[in-house]
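Summary of structural features
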Amino acid sequence: MESNAAKRYHASMTQENTNVITRFAPSPTGNIHLGNVRTALFSYLLGMNFKGKFILRCEDTDQERSEEAFLQQQQVDLKWLGIDWSAGPDMNSEHGPYRQSKRLDIYNKYYAELEEQAIAYPCFCTATELKIMRNAQMQSGKPPRYSGICSHLAAEEVAEKKANGDSFSLRFKVPVDETMRLTDLVVGDKVYQSNDIGDFIIRRSDGTPAFFFCNAIDDSLMGVTHVLRGVDHLTNTPRQVMILNSLNLRAPEYGHISLVVATDGGPLSKRDGSTGVKDLREQGYLAQAIVNHLARLGHNYANTAFMSLEQLAEEFALAHCGRSPSKHDPVQLMHWQKEAIMHSSDDQLKAWLLPILQENALFQNASCEQQNLFIDTIKNNISLPSDALGLAGNLLGDELKYSTDADVQVKGASKNLFAALAAHIAEHGVENFSPSMKEVGKVVGVKGKGLFMPIRSAISGETHGPEMQRIATMLGTDKVVTRLKQAAELAA
Ligand code: GLU
C-alpha cells in the first residue's frame, strides 16, 4: 500500500516537469547485470516520464576494484538498451566531471567546511581497535556503533597524532536525540532516530571519499531531483540526508526499489541463465526484449502489450513500483524476446541474424533473394539467432537430414501419400502447396495430423517449424518434389 504522504507526493507531481533529473550511478567494478540495469531503466523511465533528464555518474572511488574497461562496457550496454544520458563521464557538461575520481577537489572543500563547523572529526582508531569495540558492544547486547571516542580528542592530541603520522579517517558527527522523518518515493514514510546511527566515516584513511558522502554531494550538485536505487541502500538515506542538511545542500527525493531475485527467491546466479547484459546480447537477446522484461520487474503496467521505450516511459509511475522482491523468470524474458522478434522489421531481423548466419556456408552462398526468403520463413519460429543456424541446413541445403521424430513420421506414413503429392506438385507447382496437400490427402484418405506431420517431416526434416506453405515456397518446386519422392522410398 502506498503511504498517504507518498500519495500526496505522487498527486502533486505533474506529468511534465522538465526540472526532474534522475540518474544511474554505477561503480565500474563489473559488468552490468539485470539487477542493476533495472535500476538504470527505472530511473531513465522516470526521468523521461516527466520529460526531464537522465544522467550517468561513474562512482569510481574504489580505485582497487574500479576498471576503465568496466566503465566503457557499462556505457556500451546502456546505450545498446536505448538508455541514453544527457550528461555523463563521456562528455563535458555543466556540473561535471561525472566521474568521482575527478571530483576530489570538490569533496575536499566540503570536508573542510564540515571540519570547520566541527561536524566532522578525524578518527585515529585502528581496524583492530574498532573490532574490539564492536565485539564488546555486541557481547553486552548493544548494536555495534562507533563509540565516538575520537570526537572527544583535544585539539593538541589531534595535532600530535597527525604530527606522528598516525593515519586517520574523517567521521561525520551524527546529531544527538534527533528524529528524522523521510518519505521514500516507493517505500513510504520512515522514521529514524539519530541515536541509532553511529558517527560514520566520510573519508577513508587513504584519503578517498566514502560512498555515503560523495554519492550524496554529487546528487545534490548535479541537480538530481529523484534517486531511484535498490532497497539495500534504504538505511543509507538518513546518513546522506544528514550530510546534505548540514552543508545546506538540497537533498533529492529517494525511492528504494525492491531487489531482483531468482524465481526461488534467492539471489540471481548462473542457474537462472545469463544475467549480464553483455552476455545476453551476445546470446542474441534483443534490447527491446530485455527492456520490456525489466520494466515489469517490480513495476506494474496495466498494459501487457509489447511497448517501445517511449511508451514504457509514458506509462511509468512511481505509484506502480512494488515493494516485494521482483522475480526474474527466464521464461518471461523469452516471452518478450519472441514479442521483440515479431515487432522487428525485416531489416532489423537481418541485421540481428547476419553475424551468426554469415558463418554458415549455405547462407553465404545463397542469393540475396534466397537469404531474405529464408529469414522471412523462419522469423516466427526462432527465439535466438542460433535457432536460425539449426534451420539453415535443411532449408538452404540440398541434403535433407531428418530429426529422430521426423524419421519416425516419414517411415510410418504411406508411400502413396508422398508419391501422389510429388506428382501433384510436379504438375501444379508449390504456389498452392497447402490446398494441394489437402486435396491429395482427401484422395489418399488421410487428414489432420496424419497428413501434416509426415509431409512436414518429408520436406523440412522436422516435425515442427515454420508454416508449411512458407517452407514450400522457400524450397521451390524441384526441391519439394525431390524430397517427397525420397520420402516415398522410405515410407511403408
Ligand atoms: N555506486 C552505488 C552502487 O552502485 C550507487 C548507489 C546509488 O544509486 O545511490 O550501489
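Quick look at the structure, then.

Cut-offs and rules
- Residues numbered from 1 in each chain as written.
- Predicted model: local features only at pLDDT ≥ 70, side-chain atom pairs only at ≥ 80, totals over all residues.
- Heavy atoms only, no water.
- Helix = DSSP H or I, 4+ residues; strand = E, 2+ residues; numbered from the N terminus.
- Rg over C-alpha atoms; globule rule 2.2 N^0.38 Å.
- Buried < 20%, exposed > 50% of the residue type's maximum accessible area, 1.4 Å probe, protein only.
- Contact = heavy atoms within 4.5 Å.
- Areas by Shrake-Rupley, 256 points an atom, 1.4 Å probe, with all protein chains shown as cover.
- Lys, Arg positive; Asp, Glu negative; His and termini not counted.
- Charge placed at Lys NZ, Arg CZ, Asp CG, Glu CD.
- Pairing = 2+ DSSP bridges.
- Axes fitted to C-alpha atoms, helices over the stretch in contact; angles between N-to-C directions.
- Near = heavy atom within 4 Å.
- Polar contact = N/O pair within 3.5 Å; in protein donor to acceptor, adjacent residues only side chain to side chain.
- Nonpolar A, V, L, I, M, F, W, Y, C, P; charged D, E, K, R; others polar.
- Right-handed = clockwise from strand over helix to strand, strands pointing away.
- Expected span 1.5 Å × (residues − 1).
- Parallel < 35°, antiparallel > 145°, perpendicular 65-115°, else oblique.
- Phe/Tyr/Trp six-rings, centres within 6.5 Å; stacked < 30°, edge-to-face > 60°.
- Lys NZ or Arg CZ within 6 Å of the ring centre and 35° of its normal.

This part takes up the overall build of the chain. Per the secondary structure count, the chain includes 22 helices and 11 strands. Relative to the compact-globule value of 23 Å for 492 residues, the chain shows a C-alpha radius of gyration of 31 Å, a clear excess of over 25%. Dimensions of the chain along its principal axes, counting C-alpha atoms only, are 105 × 50 × 50 Å. The buried share among the 492 residues of the chain stands at 50%. Relative to all contacts within the chain whose residues are 6 or more apart in sequence, the contacts with residues 24 or more apart total 75%. Approximately 23600 Å² of the chain is accessible, and the part contributed by carbon and sulfur atoms is 51%. For the chain, the distance from the average position of its 50 positive side-chain charges to the average position of its 58 negative side-chain charges is 4 Å.

Attention now goes to the sheet that holds strand β7 (residues 200–203). With respect to topology, three strands assemble into an open sheet ordered β3-β4-β7, the strand pairing being antiparallel. This sheet does not close on itself; its edge strands, each paired only once, are β3 (120–123) and β7. Across the sheet, the axes of successive neighbouring strands diverge by a mean angle of 45°, strand direction being ignored. The pairing of strand β4 (residues 169–172) with β7 spans three bridges and is antiparallel. Considered in β7, the bridge of R171 is made with I201.

With that settled, the discussion passes to unusual backbone geometry. Residue G96 is joined to P97 through a cis peptide bond whose omega torsion reads -5°. Topologically, P97 is positioned in the loop between α3 (68–81) and α4 (104–116). For D177, which is not glycine, the phi torsion reads 55° and is therefore positive. Secondary-structure assignment places D177 in the loop between β4 and β5 (179–184). The class for D177 is exposed, based on a relative accessible area of 61%. One non-glycine residue, N248, lies in the positive phi region at around 55°. Within the secondary structure, N248 is located in the loop between α8 (237–246) and β9 (253–257). Classification of N248 by relative accessible area gives exposed; the value is 73%.

A few words now on the site of the ligand. Contacts to the ligand come from R23, A25, S27, E59, F211, N215, R229 and H233. Within the side chain of E59, one N or O atom sits 2.7 Å away from a nitrogen atom of the ligand. Between N215 and the ligand, the recorded distance is 3.0 Å, taken from a side-chain N or O atom to an oxygen atom. Bound to the protein, the ligand loses 78% of the 300 Å² it would expose on its own. The residue makeup of the shell around the ligand, split by class, is two nonpolar, three polar and three charged.

To continue, consider the pairing of β9. Burial analysis of β9 places four of its five residues in the buried class, which makes it a mostly covered element. Two strands pair when backbone bridges link them, and strand β8 (residues 226–230) and β9 are joined in this way by five bridges, in the parallel orientation. Across the sheet, R229 pairs through a bridge with H256, a residue of β9. A crossover connection joins β8 to the parallel β9 through α8; in handedness this β-α-β unit is right-handed.

In this section: helix α22 (residues 477–490). Over its 14 residues, α22 extends 20 Å from the first C-alpha to the last, a length consistent with the 20 Å expected when each residue adds 1.5 Å. The set of residues buried in α22 consists of K479, V480, V481, R483, L484, A487 and A488. Turning to α22, the residues buried within the fold contact α16 (385–396), α17 (404–412), α18 (415–428), α19 (433–444), α20 (449–460) and α21 (468–475).

Interhelical geometry of helix α13 (residues 346–357) versus helix α15 (residues 368–378) gives an angle of 105° and a closest axis separation of 11 Å. When the axes of α13 and α15 are compared, the pair comes out roughly perpendicular. Side by side, α13 and α15 meet where D346, L349, K350, L353 and L357 of the first sit next to C368, Q371, N372, F374, I375, D376 and I378 of the second. Of the residues assigned to the contact of α13 with α15, the class counts are seven nonpolar, two polar and three charged.

With that out of the way, let us pick up the packing of aromatic side chains. Where two aromatic rings form a pair, the distance of their centres and the angle of their planes describe that pair. Summed over the entire model, instances satisfying the criterion amount to nine aromatic pairs. Between the aromatic rings of F42 and F316, the centroid separation amounts to 5.3 Å while the plane-to-plane angle is 65°, which identifies the pairing as edge-to-face. Placement of the pair is F42 in helix α2 (residues 34–49) and F316 in the loop between α11 (309–314) and β11 (326–327), with a sequence separation of 274 residues. The pair F42 / F316 is uniform in exposure class, with both members buried. Put simply, the rings of F172, F200, F211 and F212 pair up and form one aromatic cluster. Taking the ring centre of Y111 as reference, the NZ or CZ of R203 above it sits at 5.0 Å.

Side chains I21 and R23 of strand β1 (residues 21–24) all project onto a buried face; the interleaved residues T22 and F24 project onto the opposite face, where all are buried too. Read from β1 through α2 to strand β2 (residues 53–56), the crossover connection turns out right-handed.

This brings us to helix α7 (residues 211–221). Within α7, nine of the 11 residues are buried, which leaves it mostly tucked inside the rest of the structure. Those residues of α7 lying buried are F212, F213, C214, N215, A216, I217, D218, D219 and S220. At its buried positions, α7 is contacted by β1, α4, β7, β8 and α8. Immediately beyond the C-terminal end of α7, within one or two residues, lies G223, with a positive phi of roughly 75°.

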